[in-house]
Amino acid sequence: MKTLKLSLFGTAAAVVAIGLGANAYAFHSGGVAECDGCHSMHTPAAGGSFLLQGSDQSSTCLNCHEHAGDTGPSSYHISTAETQLGAGVSPLQRTPGGDFAWLKKTYSYLDRSGATVTEDGQVHGHNIVAADQGYAADSVNTTAPGGTFPASQLACNSCHDPHNPNRRGVDGNISRTGAPIVRSGSYNNSVAPVAGQAVGAFRLLAGAGYTKGSVTFLGNPAAVTPSSYNRTEATTQTRTAYGVSTSGGHETWGQWCSTCHPDMHSTGNYAHPIDQGMGSSLAANYQTYVASGNMTGSSATSFTSLVPFAQNTGDYATLALSAQNNNSVLTGPGSTDQVMCLSCHRAHASGFAEMLRWNNEYEFLTINGAYIGSDNSTSGNAHLGRTSAEWQSAYYDRPATTFATYQRVLCNKCHAKD
Amino acid sequence: MKANAIKHIRIIILSLSLLIVSAGMSMAGTFKASHLYNLSDFTGPLTYSWGALSVDATRNEVYFIYQNLVKVFNENGMEIFQFGDDLQLGQVLGAAVDKNGDIVLLAYLEGRSTIIKCNYRGEPLGEIKLQRLPKDFADFNASQMVSRDGLLYLASHSEKKLVVAEADGTFVRGYDVFDMLPHMDKERNDIDLSTISVDQHNNILFTIPVLFSAFILSPEGKLTSFGRPGGAPGRFNVVGGMVSDSQGNYLVADMLKSAVIVFDKDLNFVKEFGYRGAQPGNLIGPRDLVIDGRDRLYVTQGRARGVSVFQLAYD
């Protein structure tokens, strides 16, 4: 089959089929990719380290993960190029982790006293240093809040292991050595390895023994995502199924984030409960909460990707069942399912301060049935410098009608205080 | 006797290979790329990262689009005109000049791409609708456009599709590049096309970075590919756009190497130039290439390095 198709390429001696072999279409395929995509072994290097050529580690990743000329969400792109980021235009990517270009969206507006306030783009997420693409270290948070990891060293490979040796075998355990990695292990159609094979750890995330500066990760967090995950949520939601596991090379999501933010997590630090069961009354709230004031929902249709929770299982096959992007599984949490960092935050960046999944800077998300945009005449100064369309894109294109006419912050999805 | 004969043959082989080597070297000696200047406006060189480029090869004018602003540069790389910021066209992705000297814009609004005919000042005159698209291309949305010899070449980098149309939008031919590649078990989503260019023989040139490969698609639909992964001269790290010069040489941008890699018309490696650095002739993350009628090569870059212009020469 392969040779037959190749012959269509003609007979010219120059036709070299390199790069078109098995597995050639993916790059990482769950593990260490072709070295030449990140290292240039024989190029006269001016500066740079590790033969990466890019100004820094993250610029190297963004050579592929940002694509000038994108018109919308596009597969594995997680950054919108500056050339597509004019005033009034939102970043284009809609991945679960979020588009880093939100870090470049600075908004100005008048506060209640009429003074001009600037919401600096850098508050929208993790400021990775990628000089070629115009990303610089956070100038306010010099270390990870609640920790010591230096902001000046924050890079893609602070969180992702570029060589990812973390493999999940047929027993569901993750280890750094063992059966060969055959493909990504992130997707609902790629989770199950057969005997003698392994799949990559979720999103090539840093796993046990991966050390960056003074921090060392203790395990991989469990999750499964739909194979098509970078998409508008205007009509159907993208549901990443986050799991809970602390055995076989795993740690919880809260523990993983706390590698760099230890004091955001440990009990007694006045932080929000994390990695803790919802309990029956909060689970019931989640299941019945539709919108502010509306508690008529039912568990089977209650999920929202703006407030995801961790299913209390480390079984990837179970997680894969919920990892859908067609609204076929919108089941809400049971009492043992957990609240975790990613219930409220995204992992890369978002359209909101503190990298939250919704705007927590004002009591209403919508007023009079529309987003609190500068073009909504009833929203006064509450628009925070964005148009309704910009707010809508930050909610991954959901129409305002998804919410109540006067919707309050989504803490209420679990707490139902509105 | 026998030993002598072998020695003789060895000498022949040795001199043959010397011949080949020196042929290769003289080839390399004939191609020269010298940095001329960077595209500039009255405040100095542009300080943008990447952005879309196109060239009007008859007038040797260059169009550079950045955040909906279309900037037009004369044959010396000075900005002479700009428009677009007040147009309600959505996201402007590209500009081309047709045979009559009118400007054609490619824009993206509310989920679909539109081609807009403008006068030479960039004032919209009307939409050019793609007509008679076959079923497989019914929802084709272009993200790039090239005008050449009266035809419009449209590419969708994410859909991996190409459409060639008449100036009035009538479909001439189309390609699903992904379907033309020998398939394994991989997803369409795992690859991107680079920007395309069209050479003097109307071949469409592009690369697929993740495959470490460059492609030449002839008007008859024959696809030729070349390239090998690697950092050594002539090999590909993370490639970008490809163009062909007046001599038929192929020039391929490499973002990771930060160099332009040159091959002759038979696809033999000739040389590389650029490389990461702060000198004017250096490049940082070169991605898109266009070439004008005088073999001037325009290169977009990252790190706010704007567009570098090189003169190619062959003596």
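See the structure above.
Residues numbered from 1 in each chain as written. Chains lettered and ligands numbered in written order. Predicted model: local features only at pLDDT ≥ 70, side-chain atom pairs only at ≥ 80, totals over all residues. Heavy atoms only, no water.

Undergrad: Where do I start with the sheet that holds strand S17 (residues 204–208) of chain B in this structure?
TA: What links the strands of a sheet is backbone hydrogen bonding, and the strands pair in either a parallel or an antiparallel sense. All names here are of chain B. Taken together, 4 strands build an open sheet; the order of strands is S16-S17-S18-S19 and the sheet is antiparallel. Each edge of the sheet is formed by a strand with only one pairing partner; in this case those strands are strand S16 (197–198) and strand S19 (223–226). In this structure, strand S18 (residues 213–217) lies alongside S19, joined through 4 bridges in antiparallel fashion. Its bridge partner being in S19, Ile-216 is matched across the sheet by Thr-224. (Pairing = 2+ DSSP bridges. Helix = DSSP H or I, 4+ residues; strand = E, 2+ residues; numbered from the N terminus.)

Undergrad: Can you help me understand the pattern of salt bridges in this one?
TA: A side chain with one charge can pair with a side chain of the opposite charge if their charged atoms come near. Here the structure, examined in full by the defined rule, presents 15 salt bridges over all chains. Where Glu119(A) meets Arg386(A), a salt bridge forms, and the shortest distance between an N and an O atom there is 2.8 Å. Of the two residues, Glu119(A) sits in strand S2 (residues 116–119) while Arg386(A) sits in the loop between strand S14 (370–371) and helix H8 (388–394), which places them 267 residues apart along the sequence. No difference in accessibility class separates Glu119(A) from Arg386(A), as the two residues are buried. Residues Lys129(B) and Glu127(B) are paired through a salt bridge, measuring 3.8 Å at the closest nitrogen-oxygen approach. A residue is classified by how much of its surface remains accessible, and Lys129(B), at 49% relative accessible area, is partly exposed. A relative accessible area of 37% places Glu127(B) in the partly exposed class. Three or more residues joined by partner-sharing salt bridges are found here, namely Asp41(B), Lys71(B) and Glu79(B). (Salt bridge = Lys/Arg side-chain N within 4 Å of Asp/Glu carboxyl O. Buried < 20%, exposed > 50% of the residue type's maximum accessible area, 1.4 Å probe, protein only.)

Undergrad: What is the right way to look at the sheet that holds strand S22 (residues 259–263) of chain B in this model?
TA: All names here are of chain B. With antiparallel pairing, 4 strands are arranged side by side in an open sheet as S20-S21-S22-S23. Either end of the sheet is taken by a strand with one partner, and the two such strands are strand S20 (239–244) and strand S23 (269–274). Each strand axis lies, on average, 20° off the axis of its neighbour in the sheet, ignoring direction. (Axes fitted to C-alpha atoms, helices over the stretch in contact; angles between N-to-C directions.)

Undergrad: Help me out: how do you make sense of the packing of aromatic side chains in this one?
TA: Where two aromatic rings form a pair, the distance of their centres and the angle of their planes describe that pair. Across all of its chains, the model carries 31 aromatic pairs over all chains by this definition. Measuring from ring centre to ring centre gives 6.1 Å for Phe303(A) and Phe309(A), while their planes differ by 70°; the resulting arrangement is edge-to-face. Pair check on accessibility: Phe303(A) and Phe309(A) agree, each one buried. Between Phe31(B) and Tyr314(B), the aromatic rings sit 5.9 Å apart at their centres with planes inclined by 65°, giving edge-to-face as the arrangement. Remark: Tyr314(B) occurs in the segment after strand S26 (307–313) and Phe31(B) occurs in the loop between helix H1 (2–30) and strand S1 (32–38); sequence separation between them is 283 residues. For Phe31(B), a relative accessible area of 3% corresponds to the buried category. (Phe/Tyr/Trp six-rings, centres within 6.5 Å; stacked < 30°, edge-to-face > 60°.)

Undergrad: Can you walk me through unusual backbone geometry in this structure?
TA: Negative phi values dominate among residues other than glycine, just as trans dominates among peptide bonds. In this structure, Arg203(A) takes a positive phi of about 55° despite not being glycine. The phi torsion at Trp50(B) lies on the positive side, around 50°, for a residue other than glycine. Inspection of the secondary structure assignment puts Trp50(B) in the loop between strand S3 (44–45) and strand S4 (52–56). Overall, the relative accessible area of 4% leaves Trp50(B) in the buried class.

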